[in-house]
Amino acid sequence: MDILIFIVSMGVLIYGADFIIEQSEKIALKYNISNFVIGATLVALGTSLPEMAVSISASVKGSADIAVANVIGSTIFNISLVLGFTFLIAKKISPNRDLFAKDSAWALFPILVFILMGIDGQLNMVDGILFLILMAGYLTFLISSNQVDDIDEDLAKEDFSWPKSIALLLVGFAFVIGGADFAIDSASNIARQFGISEWVIGLFLVAFGTSLPELMISVKSALKNNADLAIGNIIGSNVANFTMVLGLASILNPLNVDLSANIFDITAAVIASIMLVFITANRLYNKSAGIALMVILALVIQHRLAV
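Remember, predicted model here, so these are calculated numbers, not experimental data. (Residues numbered from 1 in each chain as written. Predicted model: local features only at pLDDT ≥ 70, side-chain atom pairs only at ≥ 80, totals over all residues. Heavy atoms only, no water.)

**So, the environment of Ser221**
Turning to its location among the elements, Ser221 is positioned in helix α9 (residues 198-223). Using a relative accessible area of 0% as the deciding quantity, one classes Ser221 as buried. Once the C-alpha coordinates of Ser221 and Ile38 are considered, the two residues, 183 residues apart in sequence, prove to be 12 Å apart. Within the structure, Ser221 has its side chain in polar contact with the backbone oxygen of Ile217 (distance 2.7 Å). (Helix = DSSP H or I, 4+ residues; strand = E, 2+ residues; numbered from the N terminus. Buried < 20%, exposed > 50% of the residue type's maximum accessible area, 1.4 Å probe, protein only. Polar contact = N/O pair within 3.5 Å; in protein donor to acceptor, adjacent residues only side chain to side chain.)

**Describing the packing of aromatic side chains**
A full pass over the atoms with the stated rule returns four aromatic pairs. Seen in terms of ring centroids, Trp106 and Tyr138 are 4.8 Å apart; in terms of plane orientation they differ by 55°. Their pairing is tilted. In this pair, Trp106 is assigned in helix α5 (residues 99-118) and Tyr138 in helix α6 (residues 125-144), connecting sequence segments 32 residues apart. Comparing Trp106 with Tyr138, the two get one shared label, buried. Measuring from centroid to centroid gives 5.7 Å for Phe114 and Phe242, while their planes differ by 45°, and the two rings are tilted. (Phe/Tyr/Trp six-rings, centres within 6.5 Å; stacked < 30°, edge-to-face > 60°.)

Right, dumping it as structure tokens:
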């Protein structure tokens, strides 16, 4: 039964992603906002809601390992799986925005801040507030660095209606978040039957489930030659995961963090983030970069299977 629920949930995710992409592009066109900024704000915050719901729930229930592992795992999946697969299937990726000059620091900075905060073994309320301040700084930066993309002629011909767009966005997010929620529950039920630890459940099954919205939206964006929204979605989601997700979770209930016990997984997330910076610096938006990113995920999986 859980397997059937997982499959149906994936279908709902895909359907919801279509609504979000189309309406986000219409809003960007209407107000001369770049697709990257829309992807890094509206879409990224929306697709980070599953991570937020899971980590906050885990924090309140005292399951700090799931809350933290969810964010670490999502970072690994978002970069290695989502971007890697996006690079592999996209015919052409040529972002209008200079991602290295403007955004590469945000791909790496949040996880480094997390490590510094976790050295004392705990993320507390003060850390959570600092995380939220960092998120506010990121949003301010995005708004000030807005760069209008080329106009999509097909969308430009369509009439824009705020009520319609808001309604379709809400439907899209409901499908994406609801689909992810059922996917997470079904995957977790299967895992617990095999006696898998909370950290591994959070790192792989829950993180994979909460990364499904980013995966569906980024892949569909790439297939529609909207690389800016796809990449903006990933960078924005990773920032939101560390700042808003861990920030709110640690404000509600302090989170214990064991950096030494989970050094391999945290290091993998750092390496994946550095790889993203390297790719943007050299504009390596191609299949070779996609394969390199997928290798990181394969190594993490191989390591966990061997433990």
